[in-house]
Amino acid sequence: MAINFDLSGKVALVTGANTGIGQAIAVALAQAGADVALAGRSEPADTLAGIAAAGRRGLDIRADLSTIAPVAGIVDDTVAALGRIDILVNNAGIIRRADLPVFSEEDWDAVVDTNLKTLFFLSQAAARPMAAQGAGKIVNIASLLSFQGGIRVPSYAAAKSGVAGVTKAMANELAPQGVQVNAIAPGYIATNNTAALQADETRDRQIRERIPTGRWGRPEDIAGAAVFLASPASDYVTGQILVVDGGWLAR
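Residues numbered from 1 in each chain as written. Predicted model: local features only at pLDDT ≥ 70, side-chain atom pairs only at ≥ 80, totals over all residues. Heavy atoms only, no water.

Under the annotation held in an unreviewed UniProt entry, the protein chain carries the name 2-deoxy-D-gluconate 3-dehydrogenase and is attributed to Sphingobium chlorophenolicum L-1. Quoted verbatim from the Catalytic activity (unreviewed entry) field of UniProt, the annotation for the protein chain is "2,5-dichlorocyclohexa-2,5-dien-1,4-diol + NAD(+) = 2,5-dichlorohydroquinone + NADH + H(+)". Word for word, the UniProt comment on the protein chain under Sequence similarities (unreviewed entry) is "Belongs to the short-chain dehydrogenases/reductases (SDR) family." (UniProt positions renumbered as here; feature names shortened; annotations may be inferred.)

Set out below in structure tokens:
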């Protein structure tokens, strides 16, 4: 029997897809056959162009994901415009860096609310129509800091550890309804969020020396994993955290 990575006729919703990992995932889902809604604060013009180039429909939904206020509307808008929702990729996230003794409550709440609270409640909203149709895929973007503590990023480490935990919790409850929930934990990927690390010659060298493949990851390195987890090929995979890190954790 052929392995099925085809997403023709499916509708995906991807958050934070104007650049970087989210953009690569959204375009890859379109190339696999899905129509794709994009939710975020910034205009995703390049992403929409990539979706159109793949011959699929794209939808721009402007939403501030720092609170859960827009989550129901995002799902409703996706279904109203594209007819259904089969795939949710929770990619939107922020990071705040400061030394532990001075890390602020504001920075804690901003990161945990965006990266964990909104992720859960958007998943909850999307899971309702998925469960009703008896099928769906939720893919959360976790992190190496779902497994490690990091430095100067306590709220990010807490949120991404929470993403790993809530992925498993949702997987347990939604499996009987035919909905699989998994996460991808990217390693060090060259994006806007890691620009400061890439610009620091010492940290850049230390990071590359630790990675067995010897290079930073690229957003498209994550896209293939997302297509797998969004496709029928992964129907018996749920509650997993797929690490895509060039071997970092194995070192």
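What to know about the sheet that holds strand 6 (residues 179-186)
Strand pairing in a sheet relies on backbone hydrogen bonds, with the paired strands running either antiparallel or parallel. One open sheet holds the seven strands; their spatial order is 3-2-1-4-5-6-7, and the pairing between them is parallel. Single-partner strands in this sheet number two, and they are strand 3 (58-62) and strand 7 (241-244). Taken pair by pair, the neighbouring strands of this sheet meet at an average axis angle of 20°, ignoring direction. Relative to strand 5 (residues 136-141), strand 4 (residues 87-90) is paired through four bridges, and the arrangement is parallel. Each residue of the ladder has a partner; that of Val 89, found in strand 5, is Val 139. Sitting on the sheet, helix 5 (residues 154-174) is in contact with strand 5, strand 6 and strand 7, with an inclination near 160° to strand 6. (Pairing = 2+ DSSP bridges. Helix = DSSP H or I, 4+ residues; strand = E, 2+ residues; numbered from the N terminus. Axes fitted to C-alpha atoms, helices over the stretch in contact; angles between N-to-C directions. Contact = heavy atoms within 4.5 Å.)

Side note on the side chain of Ser 143
Here Ser 143 shows up in the loop between strand 5 and helix 5. Here the side chain of Ser 143 touches Leu 145 through a polar contact of 2.9 Å, landing on its backbone nitrogen. Excluding its chain neighbours within four sequence positions, the residues that come into contact with Ser 143 are Tyr 156, Lys 160, Ile 184, Ala 185 and Pro 186. (Polar contact = N/O pair within 3.5 Å; in protein donor to acceptor, adjacent residues only side chain to side chain.)

Overview of the UniProt feature "domain: Ketoreductase" (unreviewed entry) in the protein chain
Here, UniProt's "domain: Ketoreductase" (unreviewed entry) annotation points to residues 10-192. Between the end C-alpha atoms of residues 10-192 there is a gap of 29 Å, over a span that is 45% helix and 19% strand.

Side note on the pattern of salt bridges
What the rule picks out here adds up to eleven salt bridges. Across the pair Asp 35 and Arg 57 runs a salt bridge whose closest N-O atoms are separated by 2.9 Å. Taken together, the residues Asp 35 in strand 2 (residues 35-40) and Arg 57 in the loop between helix 2 (45-53) and strand 3 connect sequence positions 22 residues apart. The exposure class of Arg 57 is partly exposed, given its relative accessible area of 41%. Here Arg 62 ties to Asp 60 by a salt bridge, and the two come within 3.0 Å at their closest N and O atoms. (Salt bridge = Lys/Arg side-chain N within 4 Å of Asp/Glu carboxyl O. Buried < 20%, exposed > 50% of the residue type's maximum accessible area, 1.4 Å probe, protein only.)

Some points on helix 3 (residues 71-82)
In a regular helix each residue adds 1.5 Å, so twelve residues correspond to 16 Å; helix 3 covers 17 Å between its end C-alpha atoms and thus fits that length. Those residues of helix 3 not exposed but buried are Val 71, Ile 74, Val 75, Thr 78 and Leu 82. One side of helix 3 carries all its buried residues, which in axial view fall inside an arc of 95°. Of the residues in helix 3, the exposed ones pointing more than 90 degrees away from the buried face are Asp 76 and Ala 80. Gly 83 sits one or two residues past helix 3 and shows a positive phi near 100°. (Expected span 1.5 Å × (residues − 1). Arc of directions from axis to C-beta.)

As for the packing of aromatic side chains
One pass over the full model with this rule turns up four aromatic pairs. Ring centres of Tyr 188 and Trp 248 lie 4.8 Å apart, and the angle between their planes is 50°; this geometry places the pair in the tilted category. One end of the pair, Tyr 188, is in the loop between strand 6 and helix 6 (195-199); the other, Trp 248, is in the segment after strand 7, with 60 residues separating them in the sequence. A relative accessible area of 21% means that Tyr 188 is categorised as partly exposed. Note on Trp 248: relative accessible area 8%, which makes it buried. (Phe/Tyr/Trp six-rings, centres within 6.5 Å; stacked < 30°, edge-to-face > 60°.)

Thoughts on unusual backbone geometry
Both trends apply: most residues other than glycine have a negative phi, and most peptide bonds are in trans. Here the phi dihedral of Arg 152 falls at roughly 70°; this positive angle occurs in a residue that is not glycine. With respect to the helices, strands and loops of the structure, Arg 152 is situated in the loop between strand 5 and helix 5. Among the residues examined, Arg 152 registers a relative accessible area of 38% and is labelled partly exposed.

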